[in-house]
Amino acid sequence: MRFIRALPLILFAVPAFAQVPPHSGVIHTRSMPELSDIALFVMAVAGVWLARRALRKRFAKPADAPKD
């Protein structure tokens with residue numbers, strides 16, 4: 001129950017930590033993908049793999065089914 005009383009204080013303090021420092025004005029070239037780009041690619045591959053596995057399982061014919 002203490003958490004319920006502390007929740008407004010936590011929600012009030014969160015925006016203070018979220019302030020982004022201003023841009024320095026210096027443009028940097030990208031030499032390699034960002035970590036978030038790699039993580040997004042890995043999650044997309046995992047999603048495609050899970051979807052394909054689920055569809056294969058859904059449309060698989062039982063082994064004891066008579067052949068037509």
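Definitions and cut-offs
Residues numbered from 1 in each chain as written. Predicted model: local features only at pLDDT ≥ 70, side-chain atom pairs only at ≥ 80, totals over all residues. Heavy atoms only, no water. Helix = DSSP H or I, 4+ residues; strand = E, 2+ residues; numbered from the N terminus. Areas by Shrake-Rupley, 256 points an atom, 1.4 Å probe, with all protein chains shown as cover. Patch = residues over 30% accessible without salt bridge, like charges linked within 9 Å, V, L, I, M, F, W, Y side chains within 5 Å. Salt bridge = Lys/Arg side-chain N within 4 Å of Asp/Glu carboxyl O. Buried < 20%, exposed > 50% of the residue type's maximum accessible area, 1.4 Å probe, protein only.

Enquirer: An account of the overall build of the protein chain is requested, with residue identities and associated values reported.
Expert: Assigned secondary structure in the protein chain consists of 2 helices and 0 strands. Approximately 7,400 Å² of the protein chain is accessible, and the part contributed by carbon and sulfur atoms is 69%.

Enquirer: With reference to specific residues and values, describe a nonpolar patch on the surface.
Expert: Together, Leu35, Ile38, Phe41, Val42 and Val45 line one region of the surface with nonpolar side chains, adding up to about 520 Å² of accessible area. Looking at the secondary structure, you find phenylalanine 41 in helix H2 (residues 35-59). Relative accessible area serves as the criterion here: at 58%, phenylalanine 41 is assigned to the exposed category.

Enquirer: Describe the pattern of salt bridges, and please don't skip the residues or the numbers.
Expert: Within this structure, the stated rule accounts for 1 salt bridge. The partner of aspartate 37 in a salt bridge is arginine 30, with the nearest N and O atoms 2.6 Å apart.

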